Amino acid sequence: MKKSTQVALGGVCASLCLFLIFLTCMFPFTQFAFPALAGIVLIAVIIENGISTAVLVYAAVAILSLIVVPVKEAALMFVGFFGYYPIIKVKLEKLSFRVLEYLCKFTLFNVAVIGSYLVLIYVLGIDDVLEQSGAFGQYSILVLLVMGNIMFFIYDIAVTNITYVYLNWFRPRIMRKMK
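Residues numbered from 1 in each chain as written. Predicted model: local features only at pLDDT ≥ 70, side-chain atom pairs only at ≥ 80, totals over all residues. Heavy atoms only, no water.

*Asks:* Can you help me understand the overall build of the protein in this one?
*Replies:* Each helix and strand in the protein was counted, giving 8 helices and 0 strands. Order of helices (α) and strands (β) in the protein, N terminus to C terminus: α-α-α-α-α-α-α-α. Looking at the protein as a whole, 41% of its 179 residues are labelled buried. A separation of at least 24 residues holds for 69% of the contacts in the protein among residues at least 6 apart in sequence. Accessible surface computed for the protein: about 10,200 Å², of which carbon and sulfur atoms make up 74%. (Helix = DSSP H or I, 4+ residues; strand = E, 2+ residues; numbered from the N terminus. Buried < 20%, exposed > 50% of the residue type's maximum accessible area, 1.4 Å probe, protein only. Contact = heavy atoms within 4.5 Å. Areas by Shrake-Rupley, 256 points an atom, 1.4 Å probe, with all protein chains shown as cover.)

*Asks:* Hey, could you run me through a nonpolar patch on the surface in this one?
*Replies:* Taken together, Phe 22, Met 26, Phe 27, Ile 63, Leu 64, Ile 67 and Val 68 make up a surface patch of nonpolar side chains, about 670 Å² in accessible area. Looking at which element gives the most residues to the nonpolar patch, the answer is helix α3 (residues 51–68), with 4 residues. Examined against the element boundaries, Phe 27 turns out to sit in the loop between α1 (3–22) and α2 (33–49). Judged by relative accessible area, Phe 27 falls into the partly exposed class, the value being 42%. (Patch = residues over 30% accessible without salt bridge, like charges linked within 9 Å, V, L, I, M, F, W, Y side chains within 5 Å. Salt bridge = Lys/Arg side-chain N within 4 Å of Asp/Glu carboxyl O.)

*Asks:* Honestly, the side chain of Ser 65 in this entry has me stumped. Any pointers?
*Replies:* Along the polypeptide, Ser 65 turns up in helix α3. With sequence-adjacent residues up to four places away left out, Ser 65 is seen in contact with Leu 18, Ile 21, Lys 72, Ala 75 and Val 79.

*Asks:* Explain the pattern of salt bridges here, please?
*Replies:* When the charged atoms of two side chains with opposite charge come close together, those side chains can pair. Scanning all chains against the criterion turns up 7 salt bridges. Between Glu 48 and Arg 171 there is a salt bridge; the shortest N-O distance is 2.7 Å. Placement of Glu 48 in helix α2 and of Arg 171 in helix α8 (residues 140–173) is noted, with a sequence separation of 123 residues between them. Exposure remark for Glu 48: the relative accessible area of 8% places this residue in the buried category. A salt bridge links Lys 105 to Glu 101; the nearest nitrogen and oxygen atoms lie 2.8 Å apart. Here the residue Lys 105 and the residue Glu 101 both occupy positions in helix α6 (residues 98–123), the gap between them amounting to 4 residues, near one helical turn.

*Asks:* Sorry, what's going on with the nonpolar core here?
*Replies:* Soluble, globular proteins show a tendency: their nonpolar side chains are buried together. In this structure, Ile 21, Leu 42, Tyr 58, Val 61, Phe 78, Phe 81 and Tyr 155 are the most contacted members of the largest nonpolar core, which totals 44 residues. Only α1, α2, α3, α4 (72–82), α5 (85–92), α6 and α8 provide two or more residues apiece to this core. Here the element with the most residues in this core is α2; it accounts for 10 residues. The contacts of Tyr 58, once residues within four sequence positions are left out, are Leu 42, Phe 78, Val 79, Gly 83, Tyr 84 and Ile 87. (Core = buried A, V, L, I, M, F, W, Y, C linked by side-chain atoms within 4.5 Å.)

*Asks:* Honestly, the confidence of the model for the protein in this entry has me stumped. Any pointers?
*Replies:* It should be kept in mind that the predicted coordinates are not to be read in detail where pLDDT is low. Averaged over all residues, the pLDDT of the protein is 87; the fraction at 70 or higher stands at 89%. Looking across the protein, the model is least confident in helix α7 (residues 128–131), with a mean pLDDT of 60, and most confident in α3, with 94. (pLDDT = per-residue confidence, 0-100.)

*Asks:* Got a minute to help me understand the packing of aromatic side chains in this structure?
*Replies:* Evaluation of the coordinates by the stated rule reveals 17 aromatic pairs. A ring pair is formed by Tyr 58 and Phe 78, whose centres lie 5.7 Å apart and whose planes are at 40 degrees; its orientation type is tilted. Pair noted here: Tyr 58 is in helix α3 and Phe 78 is in helix α4, with a separation of 20 residues, a long-range link. Across the pair, Phe 78 and Tyr 58 agree in class, each one buried. (Phe/Tyr/Trp six-rings, centres within 6.5 Å; stacked < 30°, edge-to-face > 60°.)

In structure tokens, the structure reads:
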């Protein structure tokens, strides 16, 4: 692929990621969905341009999302986990033991989510996040974390399947024409 095509792909993917994160302003309760979709967009950058370019695109989107996206929870979910997970997933799946791979993935997810919420509450001072989960009672944070882990497992499988579709359907039919 030509260098100009690679740069264009990186720019288009970066703008698409930022657009998806920005959509959380218009659609309530999408603080996780749109940042997760934005992370999936980086699959094309990883495959076509490599991990180093994907890291640059992630960094650009991370900085811009923290500046321009009004829903800081969504921006933090992208910065804190969903933006770099497809990049790290490539490395984690090279581990020889499947159990170790999933242990690392779930540890990364839990540390990232808890860390993101701690930043949201204690650094950015947005403590109404805790009030939003009051319906579950005193175990609300634990229930949400368990639900988050279930959704992460589904997300991990989705990223794998979308990568497969990209490599075996989209890339041969669409990206081939761009070379």
